[in-house]
Amino acid sequence: MHAYEKAIADALNDIADKEIYFHPSEIMSLPDTLACKVIGTLLSWACQPTNIMPITIARNRLKQFPVEWVSPKIKQTVFSFIDITDYWDFRRLLELCDLISIDLLKWAVTLGADSTDPDIIEAVDDFNEYIIRKSVPNSDLS
């Protein structure tokens, strides 16, 4: 196991006080407060590092959950676990949401809609254009 994956696994296992990293069904059966803490921790790992390895590991973990279960958890935890006013975190959030569902991505884009930060405005514009291209059937633009 890679050192980043071990760090993420240890963090999740510590939250649950048992081995859950490789068991998404056990994570989903945790009490809501613990499940949210697990998802929030994964969200932090998926959005804050500057190294692609932990970002990818956390994204892959989050993608393993059913959309209807993980999307509300992300919405519930995002403000406590990442800084959406930080350009880096915000763009990583948009990338993550795109991997999970278009509806989650549309929601996440709205989080930056009122920003005055030019980098966040750029991310909002980029992803709004992407959403439009993605919604056009058989588009050569996507």
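**Q** Can you lay out the overall build of the chain for me, pointing to particular residues and giving the numbers?
**A** Check the secondary structure of the chain and you find eight helices and zero strands. The linear arrangement of helices and strands in the chain, starting from the amino end, is α-α-α-α-α-α-α-α. In summary, the chain has a C-alpha radius of gyration of 15 Å against a globular reference of 14 Å for 142 residues, a match within 12%. Overall size of the chain, expressed as C-alpha extent along the three principal axes, is 45 × 30 × 30 Å. For the chain, restricting intrachain contacts to residue pairs at least 6 apart in sequence, the fraction spanning at least 24 positions comes to 61%. When the accessible surface of the chain is summed, it comes to about 7500 Å², and 53% of that surface belongs to carbon and sulfur atoms. Charge separation in the chain, taken as the distance between the mean sites of 13 positive and 22 negative side-chain charges, equals 5 Å.

**Q** Could you give an account of the side chain of Ser-44, with specific residues and numbers?
**A** Summarising the element assignment, Ser-44 is placed in helix 3 (residues 32-47). Each residue touching Ser-44, except ones within four places of it in the same chain, is listed here: Pro-49, Phe-81 and Ile-82.

**Q** Explain the packing of helix 6 (residues 87-100) against helix 8 (residues 118-135) to me, using residue names and the numbers behind them.
**A** Two numbers describe a pair of packed helices, the interaxial angle and the distance between the axes. At a closest axis distance of 9 Å, the pairing of helix 6 and helix 8 adopts a crossing angle of 15 degrees. Judged on the interaxial angle alone, helix 8 and helix 6 are roughly parallel. As for the relative orientation of helix 6 and helix 8, their crossing is right-handed in sense. Contacts from Tyr-87, Phe-90, Arg-91, Leu-94, Glu-95 and Asp-98 of helix 6 reach helix 8 at Asp-119, Ile-120, Glu-122, Ala-123, Val-124, Asp-126, Phe-127, Tyr-130 and Lys-134. Considered class by class, the residues forming the contact of helix 6 with helix 8 number eight nonpolar, no polar and seven charged.

**Q** Please provide a residue-by-residue account of the environment of Asn-51, values included.
**A** Topologically, Asn-51 is positioned in the loop between helix 3 and helix 4 (52-63). Using a relative accessible area of 31% as the deciding quantity, one classes Asn-51 as partly exposed. Measuring from C-alpha to C-alpha, the distance between Asn-51 and Trp-88 comes to 12 Å, with 37 residues separating the pair along the chain. Within polar-contact distance, the side chain of Asn-51 engages the side chain of Tyr-4 at 3.4 Å. Among the polar contacts made by the side chain of Asn-51, one reaches the main-chain amide nitrogen of Met-53 at a distance of 2.7 Å.

Scoring rules and cut-offs
- Residues numbered from 1 in each chain as written.
- Predicted model: local features only at pLDDT ≥ 70, side-chain atom pairs only at ≥ 80, totals over all residues.
- Heavy atoms only, no water.
- Helix = DSSP H or I, 4+ residues; strand = E, 2+ residues; numbered from the N terminus.
- Rg over C-alpha atoms; globule rule 2.2 N^0.38 Å.
- Contact = heavy atoms within 4.5 Å.
- Areas by Shrake-Rupley, 256 points an atom, 1.4 Å probe, with all protein chains shown as cover.
- Lys, Arg positive; Asp, Glu negative; His and termini not counted.
- Charge placed at Lys NZ, Arg CZ, Asp CG, Glu CD.
- Axes fitted to C-alpha atoms, helices over the stretch in contact; angles between N-to-C directions.
- Parallel < 35°, antiparallel > 145°, perpendicular 65-115°, else oblique.
- Left-handed = near helix turned anticlockwise from the far one by under 90°.
- Nonpolar A, V, L, I, M, F, W, Y, C, P; charged D, E, K, R; others polar.
- Buried < 20%, exposed > 50% of the residue type's maximum accessible area, 1.4 Å probe, protein only.
- Polar contact = N/O pair within 3.5 Å; in protein donor to acceptor, adjacent residues only side chain to side chain.

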